[in-house]
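Examining the three-dimensional arrangement
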Amino acid sequence: MSTETQTSGDGAVGGAAETLTVTDNRTGRTYELPITDGTVRGIDLRSIKIDDDDFGLMSYDPAFMNTASCRSAITFIDGDKGILEYRGYPIEQLAEQSTYLEVAYLLVNGELPTQPQLDEWTHQITIHTFVHENVKSFMQGFRHDAHPMGMLLGSVGALSTFYPDANEISDPDNRLAQTIRLIAKMPTLAAFAFRHGNGQPYVYPDNDLAYSGNFLNMMYKMTELKYQPDPRLERALDILFILHADHEQNCSTSAVRGVGSSRVDPYSAIAAGVGALYGPLHGGANEAVLRMLRRIGTTDNVPGFIEGVKAGDERLMGFGHRVYKNYDPRARIIKSAADDVFEVTGKSALLDIATELEKIALEDDYFVSRKLYPNVDFYSGLIYEAMGLPVSMFPVMFAIGRTSGWIAQWLEMVGDKEQKIARPRQIYTGGRELDYVPIDRR
Ligand code: SDX
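Residues numbered from 1 in each chain as written. Predicted model: local features only at pLDDT ≥ 70, side-chain atom pairs only at ≥ 80, totals over all residues. Heavy atoms only, no water.

Our focus in this paragraph is the nonpolar core. Core analysis: the biggest nonpolar cluster contains 118 residues, and Tyr86, Trp121, Met292 and Leu357 have the highest contact counts within it. Here this core gets 13 residues from one element, more than from any other, and that element is helix H17 (residues 394–414). Those residues in contact with Leu357 that sit more than four places away from it in its chain are Met292, Leu293, Ile296, Val302, Phe305, Ile306, Leu316 and Phe378. (Core = buried A, V, L, I, M, F, W, Y, C linked by side-chain atoms within 4.5 Å. Buried < 20%, exposed > 50% of the residue type's maximum accessible area, 1.4 Å probe, protein only. Helix = DSSP H or I, 4+ residues; strand = E, 2+ residues; numbered from the N terminus. Contact = heavy atoms within 4.5 Å.)

Here it is as structure tokens:
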């Protein structure tokens, strides 16, 4: 809480060093605002008033460019240094040595599992990969060419009607049950949406396969009795899911936290995250990158495209980031994982265009001055395309990985005593106290 203070002549104020002394020049009054963890509390500004009837000051921060919405121990990012850590573990080590389900356990539970814990976690997720048959018929109701991200958005939300007890979010066992279901069923819903777009029968989960291998099975199994995933593709997918698992308070995670703050069930909150991720500036960027590369067509067209970006006629999709002002560490890892995939699938014809774009952009002052570097979405689409996925499935792949992060953040928000329903204020710019005008006099 801020306190109004009387400063001595030299402006020095008693009290703790971790404070901000603010003078309101409208009144000459001085206030001392506590600084905690590099922040001042927005609510402390309210004590700065011109008179007792004044509502007090608010902060104004469109798009929350400089606002911390919560305290979180899940993901640490240093945007200037290009550092990403899940629960303190560097993403490079997790991508190299861990698996997606182990990372999901880490994000949700806060520590790496022992072998028995990981075995039980894996078992529980494996036996919950099926969805109710009515979910399947619900999905078959979509248009034949429905965007799979729209199908995922609708079917994740629909899951809340299949588990009506999921709104008992104060029960930790209930929260764990929904956590397991969401991580387990997201690949199933994603694969059903993919098969729907191809006009192919949906493929049920195979509990003999690991998480990513089973996803490939549900995506690509045809008439063979038992689908055998290629271990190189399976590993590449697992790494991609690890890299997409969480990213602190990004747009979709903020949507999950905001919707979840109303104490709705987690399926409805995660569906809000899917909706936010769908956007081309967020998870839809990997789809936009592929469409951009295809539109550029050849490396000869790259210089002209770059000029279009600098003229403001184009946006270099897959470049730039609100937090990273250095190379996104995930982009670097994906770029090397792509080489493993291309060994199996053959190199993507668009790779040369992407590397030429990156080469020019990293040398051009327009991008350097704006600290625009490749982000997670710049190369991921090349892998998905090489694996035979349509571009519309790219954000769906992002959503599969991000589900464990969304649910970890939701759990942290539900358990945070400082949190309550999210309800920002506004600066009102409209008319006031207008008299109604009958329609014949307008
Ligand atoms: C993800 O938040 C997260 O953590 C997200 C994510 C996660 O894991 O959850 O990391 C995943 O969403 C990655 C970002 C994917 N999106 C894209 O690749 C779309 C292209 N990039 C952008 O549109 C943009 O860079 C954002 C949206 C990512 C960030 O936008 P900001 O922080 O609001 O920055 P800005 O739009 O204000 O840009 C600052 C300047 C502007 O130039 P000026 O107006 O100052 O002249 O940089 C320019 C922008 O025009 N700029 C770009 C650009 N990105 C920013 N110019 C050309 N191409 C770009 N890609």
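Lining the immediate environment of the ligand, one finds 22 residues, of which His247, Arg315, His321, Arg322 and Arg330 sit closest. Interatomic distance of 2.9 Å between a backbone N/O atom of Leu281 and a nitrogen atom of the ligand. One of the backbone nitrogen or oxygen atoms of Gly318 is found 2.8 Å away from an oxygen atom of the ligand. When the ligand sits alone it has 1,100 Å² of accessible area, and the protein chains cover 75% of it. Looking at the shell around the ligand residue by residue, the classes come out as nine nonpolar, seven polar and six charged. (Near = heavy atom within 4 Å. Polar contact = N/O pair within 3.5 Å; in protein donor to acceptor, adjacent residues only side chain to side chain. Areas by Shrake-Rupley, 256 points an atom, 1.4 Å probe, with all protein chains shown as cover. Nonpolar A, V, L, I, M, F, W, Y, C, P; charged D, E, K, R; others polar.)

Direction of pairing for strand E4 (residues 75–78) relative to strand E5 (residues 83–86): antiparallel, over a ladder of four bridges. Within E5, the position partnered with Thr75 by the bridge is Tyr86. Connecting the antiparallel pair E4 and E5 is a turn made up of four residues, with Gly82 showing a positive phi of about 65 degrees. (Pairing = 2+ DSSP bridges.)

Turning our attention to the sheet that holds strand E6 (residues 89–90). In spatial order, the strands read E4-E5-E6; together these three strands make up an open sheet with antiparallel pairing. Each having just a single partner strand, E4 and E6 make up the two edges of the open sheet. Of the strand pairs in this sheet, E5 and E6 are connected by two bridges, and their pairing is antiparallel. Along E6, the bridge assignment pairs Glu85 with Pro90.

Attention shifts here to the environment of Asn66. Within the secondary structure layout, Asn66 lies in the loop between strand E3 (29–34) and E4. A relative accessible area of 72% means that Asn66 is categorised as exposed. C-alpha separation for the pair Asn66 and Thr39, spaced 27 residues apart in sequence, amounts to 9.9 Å.

Turning our attention to the domain arrangement of the chain. Each assigned domain of the chain is listed with its residue range as follows: domain 1 (1–60) and domain 2 (124–417). A C-alpha centroid distance of 44 Å is found between domain 1 and domain 2. (Domains from an automatic or database assignment.)

A separate point is the pattern of salt bridges. Within the structure shown, the criterion is met by 21 salt bridges. For Asp145, the salt bridge goes to Arg143, with nearest N and O atoms at 2.7 Å. Judged by its relative accessible area of 57%, Arg143 falls in the exposed class. The residue Lys226 makes a salt bridge to Asp208 at a minimum N-O spacing of 2.5 Å. With Lys226 in the loop between helix H7 (211–220) and helix H8 (231–243) and Asp208 in the loop between helix H6 (172–198) and H7, this pair connects stretches of sequence that are 18 residues apart. Residue classification places Lys226 among the partly exposed residues on the basis of a relative accessible area of 36%. Each member of the salt-bridge network shares a partner with another, and the members are Asp37, Arg41, Arg71 and Glu418. (Salt bridge = Lys/Arg side-chain N within 4 Å of Asp/Glu carboxyl O.)

Glancing now at the packing of aromatic side chains. Using the criterion set out here, one finds 15 aromatic pairs in the structure. Relative to Phe241, the ring of Phe215 has its centre 6.1 Å away and its plane inclined at 70 degrees; by these criteria the two rings are edge-to-face. With a gap of 26 residues between them, Phe215 in helix H7 and Phe241 in helix H8 connect regions that are remote in the sequence. In textbook terms, an aromatic cluster arises when at least three aromatic residues are bridged by ring pairs, as seen for Phe319, Tyr366, Phe367, Phe378 and Tyr379. Residue placement shows Arg46 over the ring face of Phe55; its charged tip is 3.7 Å from the ring centre. Over the face of the ring belonging to Tyr366 we find Arg370, whose NZ or CZ atom lies 3.8 Å from the ring centre. (Phe/Tyr/Trp six-rings, centres within 6.5 Å; stacked < 30°, edge-to-face > 60°. Lys NZ or Arg CZ within 6 Å of the ring centre and 35° of its normal.)

With respect to the helices and strands, the residue Asn214 is situated in helix H7. At 2.8 Å, the side chain of Asn214 and the backbone nitrogen of Asp206 are in polar contact. Residues in contact with Asn214, not counting those within four places in the same chain, are Thr129, Pro205, Asp206 and Leu209.

Let us now look at the pairing of E5. Burial along E5 is one-sided: the residues Leu84 and Tyr86 are buried and none of Ile83 and Glu85 is. In this structure, the hairpin formed by E5 and E6 is closed by a connection of two residues, where Arg87 is found at a positive phi of approximately 50 degrees.

Here we take up a negative patch on the surface. Together, Asp165, Glu168, Asp171 and Asp173 line one region of the surface with negative charge. In this fold, Asp173 is placed in helix H6. (Patch = residues over 30% accessible without salt bridge, like charges linked within 9 Å, V, L, I, M, F, W, Y side chains within 5 Å. Lys, Arg positive; Asp, Glu negative; His and termini not counted. Charge placed at Lys NZ, Arg CZ, Asp CG, Glu CD.)

Bringing the packing of H6 against helix H10 (residues 266–277) into the picture now. Where H6 contacts H10, the two axes come as close as 11 Å, and the packing angle between them is 40 degrees. Of the possible angle classes, the one that applies to H6 and H10 is oblique. When you trace H6 past H10, the crossing you get is right-handed. Contacts between H6 and H10 involve Gln178, Arg181, Leu182 and Met186 from the former and Pro266, Tyr267 and Ile270 from the latter. Split by residue class, the contact of H6 with H10 holds five nonpolar, one polar and one charged. (Axes fitted to C-alpha atoms, helices over the stretch in contact; angles between N-to-C directions. Parallel < 35°, antiparallel > 145°, perpendicular 65-115°, else oblique. Left-handed = near helix turned anticlockwise from the far one by under 90°.)

Another aspect to go through is unusual backbone geometry. Positive phi is not limited to glycine here, since Arg87 has a value of about 50 degrees. For Arg87, the position within the fold is in the loop between E5 and E6.

Tracing the backbone shows Arg263 in the loop between helix H9 (251–260) and H10. Sequence separation between Arg263 and Ile169 is 94 residues, and the spatial gap between their C-alpha atoms is 7.2 Å.

What follows covers H7. Summarising burial for H7: nine of the ten residues are buried, a large majority. Of all the positions in H7, only Tyr211, Ser212, Gly213, Asn214, Phe215, Leu216, Asn217, Met218 and Met219 are classed as buried.

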